Amino acid sequence: MASLWTVLRNRDAGLCLTAVVVSGFGTSALWLASGVWVKDLTGSDGLAALCLLAMWAPTLFGPLLGSLADRVRRKPLLIGANLLLAALLPTLFTVDSPDRLWLLYTVLFVYGAAGVVHDAAESALVAAAVAPSLLGEFNGLRMAITEGMKLVAPLAGAGLYSAYGGPAVALLDAGTFVLATVLYATLRVRESEPGPSRRTPPAEAVRRLLAHPLLRPLVLSGGTTMFFAGLTGATLYAVIDDLGHSPAYAGVLYAVQGAGSVVVGLLSGPALRLLGARRFAAYGIALTAVATGLRAVPSDPVALVCGAASGLGLPCVLIAALTAVQRETPDALLGRTVATANTLVFAPNVLGLAAGAVLVEAVDQKPLLAVLGGLWLLTAVPLAQRPASAARTSSRSPSDANPA
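Residues numbered from 1 in each chain as written. Predicted model: local features only at pLDDT ≥ 70, side-chain atom pairs only at ≥ 80, totals over all residues. Heavy atoms only, no water.

Section: helix H17 (residues 365-378)
Thinking step 1. An ideal rise of 1.5 Å per residue puts 20 Å on 14 residues; H17 measures up with 20 Å between its terminal C-alpha atoms.
Thinking step 2. Within H17, burial applies to Gln365, Leu368, Leu369, Leu372, Gly373 and Trp376. The arc enclosing the buried residues of H17, seen along the axis, measures out at 130 degrees, which places them on a common side.
Thinking step 3. Along its buried surface, H17 packs onto helix H11 (215-233), helix H12 (236-243), helix H14 (277-294), helix H15 (300-328) and helix H16 (331-362).
Thinking step 4. You can read the cap of H17 off the contacts: a side-chain oxygen lies 3.0 Å from the backbone nitrogen of Lys366, and it is on Asp364. (Helix = DSSP H or I, 4+ residues; strand = E, 2+ residues; numbered from the N terminus. Expected span 1.5 Å × (residues − 1). Buried < 20%, exposed > 50% of the residue type's maximum accessible area, 1.4 Å probe, protein only. Arc of directions from axis to C-beta. Contact = heavy atoms within 4.5 Å. Polar contact = N/O pair within 3.5 Å; in protein donor to acceptor, adjacent residues only side chain to side chain.)

Following this line, the structure appears as structure tokens:
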């Protein structure tokens with residue numbers, strides 16, 4: 001726990017984490033409210049689901065958007081991205097009928113694009129402000145905060161929406177971006193003007209990720225994990241039906257999963273140092289895969305335990321991959337490399353959700369979950385079989401790392 005306090009005592013790291021709390025609260029509130037807003041205006045589940053797609057779609061352009069975080073100074077870019085969204089969100093006050101939904105979708109798309117740029121710039125700034133040995137703690141704390149917001153903010157957003165409507169939630173979110181802007185403006189990170197080395201093509205980040213012996217397996221394993229997460233996520237309501245509960249029981253399962261993610265976020269720094277990035281990721285994937293297979297058992301206690309286990313296991317590969325990217329990537333390429341890694345990791349989740357929606361209609365969820373859990377477990381084997389010396393590469397500073 002001493003290392004966690006070391007991170008929190010770092011002024012710039014603490015400001016970034018506070019900004020994550022503030023803006024994450026608004027984002028989680030808007031994420032839920034936007035779908036409900038569209039559902040109320042149109043009665044269409046499909047149009048409501050497009051809200052999530054609009055926010056996720058810019059992830060596909062990660063290498064291009066992330067290059068902005070390398071071509072300009074990152075602190076002003078963070079401030080600009082937050083101010084842009086703070087100014088854009090109040091335009092949603094005009095969305096009061098189905099024929100105005102194009103504006104909501106447009107704002108959500110820009111929201112997602114700004115988020116890609118924001119994450120790339122913030123990750124690069126943090127890598128400069130926090131010692132490499134403490135990046136695991138920072139990323140774990142960031143994960144814990146993000147998941148913690150998901151436990152609280154959607155309920156607050158739903159309550160605000162019920163009382164005052166969608167525009168009130170948009171105004172709340174705009175306010176969080178204004179406050180985050182103030183926090184980022186007080187950062188003391190010193191940046192020089194970007195030189196020629198930060199103007200290489202976005203494709204350079206893709207080549208680096210796919211050629212690097214540590215980053216490639218972690219990022220590809222992260223993408224595979226999120227694909228399976230999408231597949232199994234589509235079975236959620238079928239599992240709830242099998243348990244004999246109403247769809248609202250999904251809130252309980254999300255809560256226990258979120259609690260598990262908060263716990264692993266707090267423990268990830270020591271775990272990364274003890275196990276190394278590969279084994280930490282492999283054990284997390286294995287735990288999630290076993291929990292997925294056991295969800296086929298129609299039992300409330302089993303479902304709750306599996307939800308908590310998934311929350312503990314799923315973030316491991318995500319934290320390991322991001323931390324390794326920050327440690328192993330030169331500053332000149334870090335913005336676009338982070339964004340590219342996020343594309344490779346999170347884009348498969350959308351494909352998994354689409355494929356899972358088809359499978360759950362055609363196949364009973366019990367054998368489907370058992371098969372998916374077994375296949376998912378196999379993806380952990382290559383990471384777990386890495387030599388111990390290689391597995392611990394990411395727990396050292398980049399200058400000490402052995403790329404072999």
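Focus: the confidence of the model for the protein chain
Thinking step 1. Averaged over every residue, the pLDDT of the protein chain is 85; the share at 70 or more is 91%.
Thinking step 2. Per-element confidence in the protein chain ranges from a low mean pLDDT of 42 for helix H19 (residues 388-391) to a high of 95 for H14. (pLDDT = per-residue confidence, 0-100.)

Thoughts on the side chain of Ser123
Thinking step 1. Relative to the helices and strands, Ser123 resides in helix H7 (residues 101-129).
Thinking step 2. Apart from the residues within four sequence positions on either side, Ser123 is in contact with Leu322, Gln326, Leu334 and Val338.

Describing the nonpolar core
Thinking step 1. The biggest cluster of nonpolar side chains holds 39 residues, and the ones touching the most others in it are Leu218, Phe280, Ala320, Val325 and Trp376.
Thinking step 2. Counting residues per element, the ones that place at least two in this core are H11, helix H13 (250-275), H14, H15, H16 and H17.
Thinking step 3. Ranked by the residues each element gives to this core, the list is headed by H15, at nine residues.
Thinking step 4. Among residues more than four places away in sequence, those in contact with Phe280 are Val264, Ser268, Ala271, Leu272, Leu275, Cys316, Ile319 and Ala320.
Thinking step 5. In terms of nonpolar packing, the next biggest core, distinct from the first, is built from 33 residues, Ile79, Phe138, Leu141 and Ala180 among them. (Core = buried A, V, L, I, M, F, W, Y, C linked by side-chain atoms within 4.5 Å.)

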